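# Analysis of the macromolecular model
Listed below are the residues making up each chain.
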Amino acid sequence: MPDPIEYDIVIVGGGPAALAAAIYAGRSEMRTLVLERSGLGGQVALTHAIENYPGFPEGIAGPELTTRMAAQAARFGVETRIEEVTRLDVEGPIKILTTSENCYRAPAVILAMGADPRKLNVPGESELRGRGVSYCATCDGPFFRGKKLVVVGGGDTALKEALFLTHFASEVVIVHRRDTFRAEKIYQTEAAGNPKIRFEPETVVQRILGEQKVEGVELRHVKSEAVKKIDCEGVFIFVGRIPNTSFLKNVFPKQHGGQLETDRDMMTCEPGLFAIGDVRQYSYRQIAAAVGEGAMAAIAAENWISAQKAEGKLKR
Ligand code: NAP
């Protein structure tokens, strides 16, 4: 492993929370690095239209929003590397990040790795992934023109994406395990009024059927236990997300459900280590909120570094 590369602030992740933190940190003339495992943008880059991010009355596509944020960060001198962080160690006020290629040292680290789609863990799901099973309507919806689809989940994502999928599909069946939905009322009303959408409440998918591609699902009513099959060519699963915090087990052995607790400055119990966006417990999981958390964490990180220097714990 080469010698560690020094920065003031390293941001792990490349979604809106991370990029907002990068803009603030870079503009404050902190030597700032963004480490992202695949490409900038995070989950938002897969979102076709964002209608509730302030300043865009007509809405904005996810990739455009994050491309603009990344350009803004680059303008302030922020560096970006596509490398996956595999380990974090804390040595006094210094954090050491290991990736497959390099090692980085910084007093402040902002964790913004986001979250991955939660799986149903039913037979057929992994076998038929990419052959009709999908976790991204924007990516895969256009493949299903005129086809019948099943959407699983009852949150904002499930209903919003089900509405989007009606642009392509002949019918969208929303399968949800309860009879009430946690999605915002506006999405519930829109979905209920859409002639292409049908609901299967109090029902779970217990098997995804098909050999080479999805041919249907086996549903079970949670109260009556009745089982029935319905034909479909695609199954879109939107049942929440799991934060990407597994490489932090050595730092936070007791972390709650994978999400990280912070104080009001977004700092975790480890001084100089911040968490924002979907990795943070009690996060609102909204782009506007994530961006706000990014700004707060960057300001707090800078203040924390200054305080450490003033106390002689870090070199000036
Ligand atoms: P979510 O709100 O956590 O909803 C997950 C849904 O999946 C719930 O309906 C849940 O059922 C169901 N579910 C969970 N595990 C399941 C399982 N094993 N089998 C079957 N169903 C299961 O997740 P989300 O919809 O992805 O939303 C995440 C956050 O992003 C939320 O805060 C949401 O408000 C926000 N968001 C906002 C917008 C927007 O346009 N404003 C759009 C997308 C997301 P139960 O209800 O029974 O728990």
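Up top you'll find the structure we're talking about.
Residues numbered from 1 in each chain as written. Predicted model: local features only at pLDDT ≥ 70, side-chain atom pairs only at ≥ 80, totals over all residues. Heavy atoms only, no water.

## With respect to the nonpolar core
Heads up, the condition is: Joining through side-chain atoms within 4.5 Å is the link that ties buried Ala, Val, Leu, Ile, Met, Phe, Trp, Tyr and Cys residues into a set, and such a set is a nonpolar core. Buried means the residue's accessible area, taken with a 1.4 Å probe over protein chains only, is under 20% of the maximum for its type, while exposed means over 50%, and partly exposed covers the values in between. Strands are runs of DSSP state E lasting at least two residues, helices are runs of H or I lasting at least four, and both sets are numbered from the N terminus onward. The contact criterion used is simple: two residues touch if any of their non-hydrogen atoms lie within 4.5 Å.
Among the nonpolar cores identified, the biggest contains 41 residues, and Ile9, Ile11, Ile110, Phe274 and Ile276 are the most heavily contacted of them. Elements represented by at least two residues in this core include exactly strand 2 (9-12), helix 1 (16-27), helix 2 (62-75), strand 6 (94-99), strand 8 (108-111) and helix 6 (287-310). The biggest single contributor to this core is helix 6, with nine residues. Sequence-distant contacts of Ile9, that is, excluding residues within four places in its chain, are made with Ala25, Met30, Arg31, Thr32, Leu33, Ala106, Ala108, Ile110, Ala298, Ala301 and Ile305.

## What to know about the packing of aromatic side chains
To keep things clear, this is the line we draw: Between 30 and 60 degrees the pair is tilted, below 30 it is stacked and above 60 it is edge-to-face, where a pair is any two Phe, Tyr or Trp rings, Trp via its six-membered ring, whose centres lie within 6.5 Å.
One pass over the full model with this rule turns up six aromatic pairs. Between Phe181 and Phe199 the ring centres are 5.4 Å apart and the planes differ by 70°, which places this aromatic pair in the edge-to-face class. With Phe181 in the loop between strand 12 (171-175) and helix 5 (185-192) and Phe199 in strand 13 (residues 197-200), the pair connects residues that are 18 residues apart, well separated along the chain. Residue class for Phe181 comes out buried when judged on its relative accessible area of 18%.

## With respect to the environment of Phe144
Within the secondary structure layout, Phe144 lies in the loop between helix 3 (137-140) and strand 11 (148-152). Separated by 17 residues in the primary sequence, Phe144 and Glu127 have C-alpha atoms spaced 19 Å apart.

## Things to note about the pairing of strand 8
This is how the line gets drawn: Each pair of strands is called paired provided DSSP finds at least two bridges between the two strands.
The two faces of strand 8 match: Ala108 and Ile110 on one face and Val109 and Leu111 on the other face are all buried. Sheet analysis places strand 2 next to strand 8, joined by four bridges and oriented parallel. Across the sheet, the residue bridging to Ile11 is Ile110, located in strand 8. Sheet topology places strand 8 next to strand 19 (residues 273-275); three bridges connect them, and they run parallel. Each bridged residue has a counterpart across the sheet, and for Ile110 the counterpart in strand 19 is Phe274.

## Looking at the site of the ligand
Formally: We define proximity as follows: a residue is near a molecule or strand when any one of its heavy atoms falls within 4 Å of that partner. Pairs of N or O atoms within 3.5 Å make up the polar contacts considered here, provided that, within protein, one atom can donate a hydrogen while the other can accept it, and that residues adjacent in sequence are counted only when both atoms are side-chain atoms. The Shrake-Rupley method, run with a 1.4 Å probe, gives the accessible areas here. Residue values count only the displayed protein chains as cover. Classification convention: Asp, Glu, Lys, Arg as charged; Ala, Val, Leu, Ile, Met, Phe, Trp, Tyr, Cys, Pro as nonpolar; all other residues, Gly among them, as polar. Delimitation of the domains relies on an automatic or database domain assignment.
The local shell around the ligand holds 19 residues, among which Asp156, Thr157, Arg178, Arg182 and Tyr187 are the closest. Within the backbone of Gly155, an N or O atom sits 3.3 Å from an oxygen atom of the ligand. One nitrogen or oxygen atom from the side chain of Tyr187 is found 2.6 Å from an oxygen atom belonging to the ligand. Here the ligand loses 81% of its free accessible area of 910 Å² to cover by the protein chains. The biggest single contributor to the shell around the ligand is helix 4 (residues 156-165), with three residues. Residues of the shell around the ligand, tallied by class, amount to five nonpolar, seven polar and seven charged. Shared between two domains, the shell around the ligand takes at least three residues from each, and those domains are domain 1 (5-117 + 241-310) and domain 2 (133-237).

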